[in-house]
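Inside the fold
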Amino acid sequence: MPEYAPHGNYEIWLDPEHDQVIQVAASGSVNLEMLLIHNARSNEIVEGFRGQPYGMVCDFGSGMIMTPEAEDAWVRSAASRVARGWSCVAFYFDESADYKSLVKAQVTRVYEGVGVPWFEAADAEDAMAWVLERLDHVAKE
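To start, this report covers the structure provided alongside it. (Residues numbered from 1 in each chain as written. Predicted model: local features only at pLDDT ≥ 70, side-chain atom pairs only at ≥ 80, totals over all residues. Heavy atoms only, no water.)

**What to know about the pairing of strand E2 (residues 21-30)**
Test applied: With a 1.4 Å probe rolled over the protein chains alone, any residue whose accessible area is under 20% of its type maximum counts as buried; one over 50% counts as exposed, and the rest are partly exposed. Strands are runs of DSSP state E lasting at least 2 residues, helices are runs of H or I lasting at least 4, and numbering of each runs from the N terminus. DSSP calls a pair of strands paired once it identifies at least 2 bridges connecting them.
Most of E2 sits out of view: eight of its 10 residues are buried. The loop that links strand E1 (residues 9-14) with its antiparallel partner E2 comprises six residues. Of the pairings in the sheet, the one linking E2 to strand E3 (residues 54-59) comprises five bridges and is parallel in character. Within the sheet, the bridge partner assigned to Gln23 lies in E3 and is Val57.

This is how it looks when you write it as structure tokens:
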């Protein structure tokens, strides 16, 4: 299989105010090579949680779509993160997002496939509020 340069834009970081929340900003056409970079960074952050519940807030900006190979790899990596505490995810788009229906179908297929509760939020604040509420609920279980 030929190697390709990473495509798409993908950033991931631990939220500076909420130490159990990972922030993701993704846009463009994300290929397998970009996802592998993302997976490595995700795993670094997740190891720091030491199995404690955590959530994700995803900004899909003006639209993000994954190649079929990237989606398959994402499903495999997502399942391993669920086993290490991934408890919920909320995502949102810019008003001008391209392919919103297609992106929503793709990401929700992954979230539902690995059993992670998800929420499509109106904006970043709405997404963070939902994730924090969900994490609080998980902590009380």
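**Observations regarding helix H4 (residues 124-140)**
Note the following rule: A helix is expected to reach a length of 1.5 Å times the quantity of its residues less one. Arc definition: directions from the helix axis to the C-beta atoms.
The end-to-end C-alpha separation of H4 is 25 Å, in line with the 24 Å expected for 17 residues at 1.5 Å each. Along H4, the residues classified as buried are Ala127, Met128, Val131, Leu135 and Val138. One face of H4 carries all of its buried residues, which in axial projection span an arc of 95°. Projecting away from the buried face of H4 at angles above 90 degrees are the exposed residues Glu125, Glu133 and Lys140.

**Some points on the environment of Tyr99**
For Tyr99, the location among the structural elements is in the loop between strand E5 (86-92) and helix H3 (100-114). Among the residues examined, Tyr99 registers a relative accessible area of 58% and is labelled exposed. Through-space distance from the C-alpha of Tyr99 to that of Ile65 is 7.9 Å; in sequence the pair is 34 residues apart.

**Description of the state of the cysteines**
Stated formally: Cysteine sulfur atoms that come within 2.5 Å of each other are treated as a disulfide pair.
Scanning the entire structure with this criterion turns up zero disulfides. Looking at Cys58, it has no disulfide partner, and the nearest cysteine sulfur is the one in Cys88, 10 Å off.

**With respect to unusual backbone geometry**
Residues other than glycine seldom take positive phi values, yet Arg50 does so here, at roughly 50°. Mapped onto the secondary structure, Arg50 falls in the loop between helix H1 (32-49) and E3.

All quantities given are derived from atomic positions and should not be read as evidence of function.
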